[in-house]
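# Structural description and commentary
One-letter residues, chain by chain:
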Amino acid sequence: MTTIGRPVRPTQARTPAPRTDQRVLLTLEQVLAELGGPAGPLPRSTWHDWQRKGRGPKVIRLPNGQVRVARDDLNGWLDGLTSDPAAS
């Protein structure tokens, strides 16, 4: 294809650059799998018990009732549980 003697390049699909300000949100299933062990994910009953007692990570409740956990909040919560055995 040419226009006035010059070739026209086909437009290339551009992939948008990843946003650095976007939160990484995890589904409850992803969080339970991460907190679980080799035997399987953390039981939902344990998760709900932690939430009821205020011991779990912060959650985001979407308008449709689904729960998400921000990656930063989960990491911060896990960091708060970390202890140094030498300091005990």
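Before any of the text, the structure's been laid out above.
Residues numbered from 1 in each chain as written. Predicted model: local features only at pLDDT ≥ 70, side-chain atom pairs only at ≥ 80, totals over all residues. Heavy atoms only, no water.

## Brief notes about the sheet that holds strand E3 (residues 25-27)
For the record, the criterion: A pair of strands is considered paired only if DSSP assigns at least 2 bridges between the two. Every helix listed is a DSSP run of H or I at least four residues long, and every strand listed is a run of E at least two residues long, numbered separately from the N terminus. Contacts are residue-level and defined by heavy atoms, with any inter-residue pair within 4.5 Å sufficient. Between N-to-C directions, angles cover 0 to 180 degrees, with each direction set by a line fitted to C-alpha atoms, over the stretch in contact for helices.
Within the open sheet, the three strands sit side by side as E3-E5-E4. Their pairing is antiparallel. Edge positions in the sheet fall to E3 and strand E4 (60-61), since each has one partner strand and no second. Judged from the two bridges that link them, E4 and strand E5 (residues 67-70) form a sheet pairing that is antiparallel. Residue Arg61 lies in a different strand from E5, and its bridge partner there is Val67. The sheet strands contacting helix H1 (residues 28-35) are E3 and E5, and the helix crosses E3 at an angle near 80 degrees.

## Points about the packing of H1 against helix H2 (residues 44-52)
Put simply, the rule reads: Oblique is the label for any angle not covered by the other classes, which are roughly parallel (under 35 degrees), roughly antiparallel (over 145) and roughly perpendicular (65 to 115). Three residue categories are used. Nonpolar comprises Ala, Val, Leu, Ile, Met, Phe, Trp, Tyr, Cys and Pro, charged comprises Asp, Glu, Lys and Arg, and polar comprises the others, including Gly.
Closest axis-to-axis distance for the H1/H2 pair is 11 Å, and the angle between their directions is 100 degrees. Relative to H2, the element H1 lies roughly perpendicular. Each of Leu28, Glu29, Val31, Leu32 and Leu35 in H1 lies in contact with H2, whose residues at this interface are Arg44, Trp47 and Trp50. Residues that form the contact of H1 with H2 fall into these classes: six nonpolar, no polar and two charged.

## Some details on the side chain of Arg68
Inclusion rule: Relative accessibility under 20% of the residue-type maximum defines a buried residue, over 50% an exposed one, and the middle range a partly exposed one, all with a 1.4 Å probe and only protein chains included. We count Lys and Arg on the positive side and Asp and Glu on the negative side, and we leave His and both chain ends out. Salt bridges are defined by distance alone: a side-chain nitrogen of Lys or Arg within 4 Å of a carboxyl oxygen of Asp or Glu. Under the rule applied, a polar contact is a pair of N or O atoms within 3.5 Å (in protein, one hydrogen donor and one hydrogen acceptor; residues adjacent in sequence only if both atoms are side-chain atoms).
Relative to the helices and strands, Arg68 is located in strand E5. Although Arg68 is buried, it forms no salt bridge, and the closest oppositely charged side chain is Glu29 at an N-O distance of 6.1 Å. There is a polar contact of 2.9 Å between the side chain of Arg68 and the side chain of Gln66.

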